[in-house]
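# A structural walkthrough
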Amino acid sequence: MTDPVRWGVLATGKIAHTFVADLALVPGAELVAVGSRSLESARAFVAEHPDATSTTTGTGTATAYGSYEELVADPAVEVVYVATPHALHLENARMAFEAGKHVLCEKPLTLSAAAAEEMVALARRHDRFLMEAMWTACHPVVRQLAEDLHAGRFGTPRQLQAELGFRVDAPPEDRLMNPDLGGGALLDMGIYPLTFAHLMLGEAESLRAIATLAPSGIDLDVVIAGAYPGGALATMNASMSSWSSRAAAIATDEGRIVISDQFHHPDRAVFLPYGSGTNDTAAPGAEVVVTGREPVLGRGYGNEIAEVDRCVRAGLRESPLVPHEQTLTILRQLDDLRRQVGVVYAGDPA
């Protein structure tokens, strides 16, 4: 049997808890160490996730560390999951690469394309695997939908709509609200509809955005219009001030594809075929339900983890599902959209 892939988790915030709960469901993945800025937090995290340390070997307990430096220095750790705020990703990944570890880094990979290019260069220099934690691109339903759409199963896509948002009630120092930590709707929520459109339609030919900014300068609400190959158009929304539908739809010349909830990690997609007629008279035919060839592992983070495990054991340095160039393309789009709406982070070009 293949040896388990040994994971270390860097930071113990909310996303790390969700991630490790799914890691416990992935055969061949094992949590061996957790690092936090405080030893107490790391110990509490380990105690909360005993199943993640025994999915493969059935023995041992993850080691808790009171610093990130100790975590990456642990020889038992093969892959480091970086779960800190966006602004710290490059620094944390650098530390892991220099310690000889592979890296799965939360999205967005960094605050800018330039910083992401530096991270990719670091991974190549140290000959280590690197993947952005874009779980949507690893999700079985999303992958199957993209495959079917590209094969022409549902006709030619003409328009795409996707939105993701929720009301954020948080203090100014919270990572979602703090410009020094990369706060704002675009990087936290907007990256999902942008990625979904990229997966379904290809690389955008042009993008335009308008936004409402907070007094701190971060974007609270953003609307994006995009032109894609073949004349397809997309509208994409992200919000930190209101509750969106979290839905996506793709209109084709043969019908309509609908994901009614959680388009970034859906249970299924539905294609509604239409025949001839007008908007008033046309009625959909029998729906076609799209599901994945593989089961969804947990909430879907498990499929992302399984992809990292597969790549690491195969000796790959990037994933074909989340290739470096795709990550860089989306970050270049985010850079441009931030410039359009006037959101500036420390380190941005003058």
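Quick note: structure is the one above.
Description of the structure in this document. The structure displayed is predicted, hence computed values, not measured ones.

## Quick look at the environment of Val46
As for its position among the elements, Val46 is in helix H2 (residues 39–48). When its relative accessible area of 9% is taken as the criterion, Val46 is described as buried. Every residue in contact with Val46, bar those within four places of it in the chain, is listed here: Val34, Thr61, Ala62, Thr63 and Ala64.

## Describing the pairing of strand S5 (residues 102–105)
In S5, alternate side chains face the same way, and those of His102 and Leu104 on one face and Val103 and Cys105 on the other are all buried. As defined by bridge partners, strand S4 (residues 79–82) adjoins S5 across 4 bridges and the pair is classed as parallel. Bridging across to S5, Val82 finds its partner in Cys105. Running through helix H4 (residues 89–98), the crossover from S4 to the neighbouring parallel element S5 is right-handed. The sheet contact formed by S5 and strand S6 (residues 130–132) spans 3 bridges and is parallel. Among the inter-strand pairings, Cys105 is bridged to a residue of S6, identified as Glu132.

## Some points on the sheet that holds S6
Here 6 strands make up an open sheet; going across it, the order is S3-S2-S1-S4-S5-S6 and the pairing parallel. Of all strands in the sheet, those bounded by a partner on one side alone are strand S3 (63–65) and S6. Sheet twist, expressed as the mean angle between neighbouring strand axes with direction ignored, is 25 degrees.

## Here's the deal with the environment of Gly8
Looking at where Gly8 falls in the secondary structure, it is placed in strand S1 (residues 5–10). Classification of Gly8 as buried rests on a relative accessible area of 0%. For the pair Gly8 and Ile224, spaced 216 residues apart in sequence, the C-alpha to C-alpha distance is 37 Å. Discounting chain neighbours no more than four positions away, the residues touching Gly8 are Ala33, Leu71, Val77, Val79, Val80 and Tyr81.

## Remarks on the packing of aromatic side chains
The final tally for this structure, using the stated rule, is 6 aromatic pairs. Between Phe166 and Trp243, the aromatic rings sit 6.4 Å apart at their centres with planes inclined by 40 degrees, giving tilted as the arrangement. Note that Phe166 is positioned in the loop between strand S7 (157–165) and helix H8 (185–201) and Trp243 in the loop between strand S10 (233–239) and strand S11 (248–252), a separation of 77 residues in sequence. Taking the relative accessible area as the measure of exposure, Phe166 reaches 32% and is therefore partly exposed. Linked through ring pairs, Trp7, Phe19 and Tyr81 together constitute an aromatic cluster.

## Digging into the side chain of Glu78
Along the chain, Glu78 turns up in the loop between helix H3 (68–73) and S4. Given the relative accessible area of 15%, Glu78 is considered buried. Looking at Glu78, its side chain comes within polar contact range of the side chain of Arg313, at 2.9 Å. Discounting residues that sit within four places of it in the chain, Glu78 has contacts with Pro4, Val5, Arg6, Lys101, His102, Val312 and Arg313.

## Observations regarding the pattern of salt bridges
Proximity of charged atoms lets side chains of opposite charge pair with each other. Tallied over the entire structure, the rule returns 16 salt bridges. The salt bridge partner of Arg332 is Glu117, with a shortest N-O separation of 3.3 Å. You can see Arg332 sitting in helix H10 (residues 324–341) and its partner Glu117 sitting in helix H5 (residues 113–125), a full 215 residues away along the chain. Overall, the relative accessible area of 35% leaves Arg332 in the partly exposed class. For Glu117, a relative accessible area of 36% translates into the label partly exposed. Among the charged side chains, a salt-bridge network with shared partners connects Arg6, Glu78 and Arg313.

## A word on the nonpolar core
Of all hydrophobic cores here, the largest spans 115 residues; its most connected members are Trp7, Phe196, Met200 and Tyr228. If one sorts the elements of this core by residue count, H8 sits on top with 12 residues. Leaving out residues up to four positions away in the same chain, Phe196 has contacts with Leu145, Leu160, Ala162, Ala248, Ile250, Ile259 and Phe263.

## Here's the deal with helix H7 (residues 140–150)
For H7, a buried count of 8 out of 11 residues is recorded, marking the element as mostly surrounded by other parts of the structure. For H7, every residue scored as buried is listed here: Pro140, Val141, Val142, Gln144, Leu145, Ala146, Asp148 and Leu149. Positioned one or two residues after H7, Gly152 has a phi angle of 80 degrees, which is positive.

Rules and cut-offs
- The numbering scheme is per chain: residues are counted from 1 as the chain's sequence reads.
- Where local features are concerned, this predicted model is filtered to residues with pLDDT of at least 70; where side-chain atom pairs are given and counted, the filter is 80 or more; whole-chain, interface and lining totals use all residues.
- For side-chain calculations, the full set of non-hydrogen atoms in the structure is used, while hydrogens and water are omitted.
- Runs of E in the DSSP output that reach at least two residues are strands. Runs of H or I that reach at least four are helices, and both are numbered from the N terminus.
- Note on classification: 1.4 Å probe, protein chains only; a residue is buried when its accessible area is under 20% of the maximum for its type, exposed when over 50%, partly exposed between these limits.
- Between two residues, a contact is recorded if the distance between any of their heavy atoms is within 4.5 Å.
- Pairing between strands requires that DSSP locate at least two bridges from one strand to the other.
- Orienting the strands away from the viewer, one traces the path from the first strand over the helix to the second; a clockwise path indicates a right-handed crossover.
- Only the contacting stretch of a helix is used when fitting its axis, a line to C-alpha atoms as for every element, and angles between N-to-C directions run 0 to 180 degrees.
- Working definition: a ring pair exists when centres of Phe, Tyr or Trp rings (six-membered ring for Trp) sit within 6.5 Å. Plane angles under 30 degrees give stacked, over 60 give edge-to-face, the rest tilted.
- Throughout this description, a polar contact denotes any pair of N or O atoms lying within 3.5 Å of each other; where both atoms belong to protein, one of them has to be capable of donating a hydrogen while the other can accept it, and for residues adjacent in sequence the pair is counted only when both atoms sit in side chains.
- What counts as a salt bridge is simple: a side-chain nitrogen of Lys or Arg found within 4 Å of a carboxyl oxygen of Asp or Glu.
- Side-chain atoms within 4.5 Å are what join buried Ala, Val, Leu, Ile, Met, Phe, Trp, Tyr and Cys residues into a set we call a nonpolar core.

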